[in-house]
Amino acid sequence: MHRLSPSSRFILGYILGFITFAITTIILYLLRGVLDTPLIALLFLLPVGINTAFWGLGPGILTAFSAFLGFNYFFIQPYYTLTVHHSRDLIVLIVFLIVAVVISQLVARAQAGLASATAREREATKLYELSTSLAGVQDDQAIVRIVAAEAIQTFKAERVEVTVTPAEAQKWQLILPVDAAPLTRKPEWTIPLQTARGILGEIRLWRGESTPTLEPIEERLLRTFASQGAMALERAWLTQTETRAKVLEESDHLKSALLSSVSHELRSPLATIKASITSLRSGNVQWKSSAREDLLATVDDETDHLNRLVGNLLDMSRIESGALKPQRQWNLLAEIIGGVISRIRKATEQHQLDLDVPEDLPLVPVDYVQMEQVFDNLISNSLKYAPPNTTIHISARKQNDTTLGVTVRNQGPPVPQEHLDRIFDKFYRVTAADRVTGTGLGLSICKGIIEAHGGRIWAENLPDGFAFNFTLPLNLDGAPPPTLPVESETI
Amino acid sequence: MSTSPHILVIDDEPQILRAMRTILTEKKFQVTVANRGEEGLTLAAANPPDLVILDLGLPDIDGFEVCARLREWTQIPIIVLSVRDSERDKVAALDKGADDYLTKPFGIEELLARVRVALRHSAQLQGGKETVIKAGELIIDLPRHVIKRGSAEVKLTATEFKLLAYLAANTGRVLTHQSILIHVWGPADADHTEYLRVYMRQLRRKLEVDPERPQYILTEPGVGYRFMADE
């Protein structure tokens, strides 16, 4: 029934109302001998009530008058005339007419009340659905999509366009259905997305050729949709602004953490250097040559340390600003690791290094200098935490045709499970900062470099130690590692 | 050399100039200093030095240009000073005609070693080349194509020999990837650093005592290789 247009529904109401009346009349006519007149009058009220309930006041009143006439014609003597002999019957007839009309009006009013209650409930449900779907949505695109989808569904619209005009950005539009061709006619409804702060955009709705109008309730609902959408948009924008402010605050916070870490870290080697140099320069003390040598070696070490710190800071700022672009070329991992080990030989004196890189490991597409940095940092970290006279294993294996896996394993203490992911964060330390030297940047630099290479890095506790693992892709721009032709020895 | 070598230091930092002047004078070099590129070029033209130590970051004209302009008229060795993480700069300076580089901060022993190598190399360019190079237990006899490790002869492939010959002829000097590739494989293969990686590994296996920790063929990260022999 819902698909009928109001006018055909109107006509159908009268026709069906009349049919109901006719059927009642036929049945009562057949039972005329059995039933007495007041009972028949009472039974004639049935179609009046039913028709009003189903078809509204018009058909109800029509039925009331038809029943009045039918009752008079078929059931009041003399039969088959509209004349009335007995004054008693006349009273029955008049009372019948009054009762019938009153009933139809009462039923119609109840019906209308029910209909508006249903409509209000529908509206409330729609609004509830809309606000539920909008709750917690922070993305303005998603908000607009929800509002548009709800509008197109609720109002059975042909097309909905939502235009958003943010204060500080380009205006943009969302159209539903997505693949609909533009319509030539103007939209039937244009509702602004308005909040207390101003207009954020508008909803344009094409209802469709057949039912271009909106009931007052529907119009109100559409306006409520618009204001709900506008409020959600405003909330999302405010949250975004707040998030930006928070990010800025956080980066400020990081910067001050960096500064305090840096000044602490820079000052300790400087303090050592200053103390050593001033001791050597003071004329009061006659230094033994071994003590002199010791002090000078300290100065040398500390300047190297300072140099590393500055290098780490530079690398970190490069990673943060996205300027760390690896120059990937085909390299041999063994050569890179060998170079690092030779360079830090002095620092590794108290540990054994065990290198396990197979001869037939393919060439890997990496930035030589950056990979040196990764191995340097991972080995240095292991040296720092693993007790003396333990072994640090470095192994590399081809995991499959596209991935290489590398492990730097030491016999150091385990790291609590909850710290495992966070040790790659900037300035993150498992132990108190004053017990271990470094910037707290080494591992996050490793992470930055490995990720820039398209790999992954993680740490794990082992039954007898601790391990850093990372992967590296074996393809460079889709090409597999090259192999070189073997040459025979002629010389 | 009858007189002590003359070194021109071009750097804009007064502390570095002061330290270099003190240290190099102590080591019996004649030292001239300049804190601007143009000034350095003028000084070099007025009184040609035996060697130039050049900082790449100068306030007026950059170090690359100083290199290029020196190379227009002289082959005196140039050692450039640069900071860490500027491998491209180092390679660019070497391509512009610099002979070697040092990364700041550097130890003075390192600097003196580079200076000695550069001076010897330029002397060789004027005189004759050494043809038999000794490095540890290695003996490389270039004209006779014979390489010995102790008393045992080392068999090399044709490419390995070309590679070693080029390295050994430039003992102590840094050679960029490109220059090695062009000399040994030809200009068409100038970008194939993987050839270098693989052949260097083969050479090291045949020549080095511990190929994982080489003493003769050293990798200069991001720049190239350097062959170290007895001084």
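Residues numbered from 1 in each chain as written. Chains lettered and ligands numbered in written order. Predicted model: local features only at pLDDT ≥ 70, side-chain atom pairs only at ≥ 80, totals over all residues. Heavy atoms only, no water.

Asker: Sorry if this is basic, but what is going on with the packing of aromatic side chains here?
Answerer: Within a pair of aromatic rings, the relevant descriptors are the distance that separates the centres and the angle that separates the planes. Enumeration over the complete set of coordinates arrives at 21 aromatic pairs over all chains. Where B:Trp185 meets B:Tyr195, the ring centres are 5.6 Å apart and the plane angle is 50 degrees; that geometry is what we call tilted. One end of the pair, B:Trp185, is in the loop between α7 (177-184) and α8 (193-207); the other, B:Tyr195, is in helix α8, and 10 residues separate them in sequence. An aromatic cluster of three or more residues is present, and its members are A:Phe18, A:Phe21, A:Tyr29, A:Phe44, A:Phe71, A:Tyr73, A:Phe74, A:Phe75, A:Tyr79, A:Tyr80 and A:Phe96. The lysine or arginine in question, A:Arg32, covers the ring of A:Tyr79, its NZ or CZ lying 3.8 Å from the ring centre. We note A:Arg159 situated over the ring of A:Trp206; from NZ or CZ to the ring centre the distance is 5.4 Å. (Phe/Tyr/Trp six-rings, centres within 6.5 Å; stacked < 30°, edge-to-face > 60°. Helix = DSSP H or I, 4+ residues; strand = E, 2+ residues; numbered from the N terminus. Lys NZ or Arg CZ within 6 Å of the ring centre and 35° of its normal.)

Asker: I keep staring at the pattern of salt bridges and nothing clicks. Help me out?
Answerer: Opposite charge on two side chains permits pairing when their charged atoms draw close. Summed over the entire model, instances satisfying the criterion amount to 31 salt bridges over all chains. Measuring nitrogen to oxygen at the nearest pair gives 3.3 Å for the salt bridge that ties A:Arg343 to A:Glu372. One end of the pair, A:Arg343, is in helix α8 (residues 333-343); the other, A:Glu372, is in helix α9 (residues 368-385), and 29 residues separate them in sequence. Accessibility expressed as a relative area gives 5% for A:Glu372, which makes it buried. Beyond isolated ion pairs, a larger network of salt bridges with shared partners links B:Asp100, B:Glu110, B:Arg114, B:Glu220 and B:Arg226. (Salt bridge = Lys/Arg side-chain N within 4 Å of Asp/Glu carboxyl O. Buried < 20%, exposed > 50% of the residue type's maximum accessible area, 1.4 Å probe, protein only.)

Asker: Which parts of the structure should I look at to understand the interface of chain A and chain B?
Answerer: Interfaces are often described in size by the accessible area the parts lose on coming together. With 32 residues of chain A at the interface, the matching set in chain B holds 30 residues. Across the chain A to chain B interface the summed buried area is about 2700 Å²; carbon plus sulfur atoms make up 49%. Our count for the chain A to chain B interface comes out at three salt bridges. Here A:Glu335 makes a salt bridge to B:Arg197, at a shortest N to O gap of 3.6 Å. Sorting the residues of the side of chain A that touches chain B by element identifies α7 (289-320), β5 (329-331), α8, β6 (352-356) and α9 of chain A as the ones contributing at least two each. Taken together, the residues of the side of chain A that touches chain B break down into 13 nonpolar, 11 polar and eight charged. (Contact = heavy atoms within 4.5 Å. Buried area = accessible area lost by both parts, 1.4 Å probe. Nonpolar A, V, L, I, M, F, W, Y, C, P; charged D, E, K, R; others polar.)

Asker: Is there a simple way to think about the environment of A:Glu219 in this case?
Answerer: Residue and element names in this part refer to chain A. By the secondary structure assignment, Glu219 is in helix α6 (residues 216-281). Relative accessible area serves as the criterion here: at 23%, Glu219 is assigned to the partly exposed category. For the pair formed by Glu219 and Ile191, sequence separation is 28 residues and the distance between their alpha carbons is 9.6 Å. Beyond its immediate sequence surroundings of up to four residues, Glu219 is in contact with Trp189 and Leu214.

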